[in-house]
Amino acid sequence: MLKSVKVAVLGYGTVGGGVTQVIDTNHDAIAEKTGLDLEVKYILDLRDFPGDVNEKKVVHDIDIILNDPEIVICCETMGGKKPAFDFSKRALEAGKSVCTSNKELVEAFGPELLKTAAEHNCSYLFEASVGGGIPIIHNICSCLTQDRIGSVQGILNGTTNYMLTKMANKGADYDEALKEAQRLGYAERNPVADVEGHDSGRKIAILASLVFGKTVKYDQIHVEGITKVTSTDIAYAQKLNCKVRLLGKASERGERVAAIVAPFLVKAGQPLYMVDDVFNAIVVHGNMLGDTMYYGAGAGRRPTASAVVSDVITAGLNEGRTAACPWGTQEADVVPFEEMENSFFVRIGLEDQEKAREIFGAEKFITLEGAVGECGFVSGRLTEERFQVKYTALPHAKGYLRMEA
């Protein structure tokens, strides 16, 4: 006999509409696989949707949902912090599990909402908040619990990955790549959250909090975007047999956690090198399993909605219980950015070669056809603070990128 599970969707935008589509389209397949009869009973939105297949399910008052004992799961697909936080917390306090795609809310209030869920025997689930349709959070919370995870890193933003791929494959500059991404719907009209690295920063904060079991806050992470990456940088990368990729990285450093978001040069042969266009990929390193990579569509209506519905199924199968989550309330001791270590590819004027030998110990210089009057070199590993001291001592320095180890 099927178990009836009534669901409310909070926010009928791109993802919320996708959630109803996944549940309606795949209802029978879900029922056959899981024994759950999923049904969207309410859709909360400020707007009406005349003529929409779900128009009669739309309500404008959250209390209708919270006071209905039939609703056991709410899908929060509103975005932002307000009123999403208030609605999510009230739902959890009413014993209704909440499944969300809202990375901003999860990063800011994850520990509090997880605690509230545990106190009321329900679940707060957020698979769709990182990696779109990639099942990374479920794997961290269940399939990788036997390993001690030492690091997690990945390409976490499809917009910037598309732009960097376009710059490499088509010779486009930054502005051209951004316009193309916007034309195709990969980038918002205001792309700041993507191109400045904020989106990736929130996602690596969530992943780090899960794999290390302590809260890593977004504002503790050094974040750089791709706005300063030039077509010349891309050309140097190709000569080095590398690709420029915006990476979010977090790793253990003894009892501390080091985390950063920035463009890196990824060498051919490394797992993330082959990840192009709008795809995302995440590499998790465990002490027993070694490296595992999770790859797929990192955004979009259907992949993100699919991840939300996977959480709905988890919550439905665990009704009356709290799904396990290793994210603790204690704050992590985060390594200051200045103490982090990397090696760097540095571009300089030709007249700086002797200085580079003296300051960095540079031995091999790389020239690029078309890049007149300059060259580049790869440094040894340095702390960020020490690198900046050396870099600023080069009178004709033209830029740098970090090397992925």
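Quick notes on the rules
- Residues numbered from 1 in each chain as written.
- Predicted model: local features only at pLDDT ≥ 70, side-chain atom pairs only at ≥ 80, totals over all residues.
- Heavy atoms only, no water.
- Axes fitted to C-alpha atoms, helices over the stretch in contact; angles between N-to-C directions.
- Helix = DSSP H or I, 4+ residues; strand = E, 2+ residues; numbered from the N terminus.
- Parallel < 35°, antiparallel > 145°, perpendicular 65-115°, else oblique.
- Left-handed = near helix turned anticlockwise from the far one by under 90°.
- Contact = heavy atoms within 4.5 Å.
- Nonpolar A, V, L, I, M, F, W, Y, C, P; charged D, E, K, R; others polar.
- Buried < 20%, exposed > 50% of the residue type's maximum accessible area, 1.4 Å probe, protein only.
- Arc of directions from axis to C-beta.
- Pairing = 2+ DSSP bridges.
- Right-handed = clockwise from strand over helix to strand, strands pointing away.
- Phe/Tyr/Trp six-rings, centres within 6.5 Å; stacked < 30°, edge-to-face > 60°.
- Lys NZ or Arg CZ within 6 Å of the ring centre and 35° of its normal.
- Salt bridge = Lys/Arg side-chain N within 4 Å of Asp/Glu carboxyl O.

So, about the packing of helix α4 (residues 84-93) against helix α5 (residues 103-119). For any two helices packed against each other, one specifies the inter-axial angle together with the distance between the axes. At a minimum axis separation of 10 Å, α4 and α5 run at an interaxial angle of 15°. The orientation of α4 relative to α5 falls into the category roughly parallel. Crossing angle aside, the handedness with which α4 passes α5 is right-handed. On α5, the residues that touch A84, F85, S88, K89, L92 and E93 of α4 are L105, F109, E112, L113, T116 and A117. For the contact of α4 with α5, a count of residues per class yields seven nonpolar, two polar and three charged.

Another aspect to go through is helix α13 (residues 353-360). Every buried residue of α13 is listed here: A356, I359 and F360. Taken down its axis, α13 places every buried residue within 80° of arc, on the same side. Residues of α13 that are exposed and point over 90 degrees away from its buried face: E354 and E358. Summarising the contacts, the buried residues of α13 are in contact with β13 (341-349), β14 (374-378), β15 (382-383) and α14 (384-392). Where α13 ends, the next residue or the one after it, G361, has phi of about 70°, a positive value.

Here the focus is α4. Residues of α4 that are buried: A84, F85, F87, S88, A91 and L92. The buried residues of α4 occupy an angular sector of 170° when the element is viewed end-on, so they sit on one face.

As summarised here, the arrangement of the six strands in space is β3-β2-β1-β4-β5-β6, forming an open sheet in which the pairing is parallel. The two strands at the open ends of the sheet, each matched to only one other strand, are β3 (58-59) and β6 (124-125). The sheet contact formed by strand β2 (residues 36-44) and β3 spans two bridges and is parallel. What sits directly across from I43, in β3, is V58.

Looking now at the pairing of strand β5 (residues 97-100). What you see with β5 is no split at all: S97 and C99 on one side and V98 and T100 on the other are buried throughout. Where strand β4 (residues 71-76) meets β5, four bridges bridge the pair, whose relative direction is parallel. Along β5, the bridge assignment pairs E76 with T100. Of the crossover connections in this fold, the one passing from β4 over α4 to the parallel β5 is right-handed. Looking at chain direction, β5 and β6 are connected through two bridges and run parallel. Bridge pairing in β6 links V98 to Y124. Handedness of the β5-α5-β6 crossover: right-handed.

Geometry of an aromatic ring pair is reported as the spacing of the ring centres plus the angle between the planes. Summed over the entire model, instances satisfying the criterion amount to 15 aromatic pairs. Among the aromatic residues, ring-to-ring pairing joins F344, F360, F365, F377, F387, Y391 and Y400 into one connected group. Sitting over the face of the ring of Y218, R202 holds its NZ or CZ atom 4.9 Å from the ring centroid. Across from the ring centre of F264, 5.1 Å away, lies the NZ or CZ of K249, which sits over that ring.

Our focus in this paragraph is the pairing of strand β9 (residues 242-253). β9 sits mainly inside the fold: 10 of its 12 residues count as buried. For β9 and strand β10 (residues 256-267), the ladder comprises 12 bridges, and the chain directions are antiparallel. Residue R245 lies in a different strand from β10, and its bridge partner there is F264. Hairpin connection, β9 to β10: the antiparallel pair is bridged by two residues, and G254 has positive phi, about 70°.

Another aspect to go through is the environment of I359. Note that I359 resides in helix α13. Note: C-alpha distance between I359 and Q388 (29 residues apart in sequence) is 12 Å. Those residues in contact with I359 that lie beyond four places of it in its chain are K390, A393 and L394.

What follows covers the pattern of salt bridges. Scanning all chains against the criterion turns up 24 salt bridges. D199 is the salt-bridge partner of K103, the closest N and O atoms lying 3.1 Å from each other. Taken together, the residues span a long stretch of sequence, with K103 in helix α5 and D199 in helix α10 (residues 198-212) at a distance of 96 residues. You can call K103 partly exposed: its relative accessible area is 25%. The network of salt bridges with shared partners includes K41, D68 and E70.

Our next topic: the packing of helix α7 (residues 158-170) against helix α11 (residues 231-239). Where α7 contacts α11, the axes come no closer than 9 Å and their chain directions differ by 70°. Our classification of the angle between α7 and α11 gives roughly perpendicular. Between α7 and α11, the residues in contact are L164, M167 and A168 and S231, I234 and Q238, respectively. Of the residues assigned to the contact of α7 with α11, the class counts are four nonpolar, two polar and no charged.

Across the junction of K82 and P83, the peptide omega takes the value 0°, indicating a cis bond. Secondary-structure assignment places P83 in the loop between β4 and α4. If you check the backbone angles, N121 has positive phi at about 55° while not being a glycine. A relative accessible area of 48% places N121 in the partly exposed class. Unlike most non-glycine residues, D277 shows phi in positive territory, near 55°. Checked against the element boundaries, D277 lands in the loop between β10 and β11 (279-286). You can call D277 partly exposed: its relative accessible area is 36%.

Function-wise, these values are silent; they only describe arrangement.
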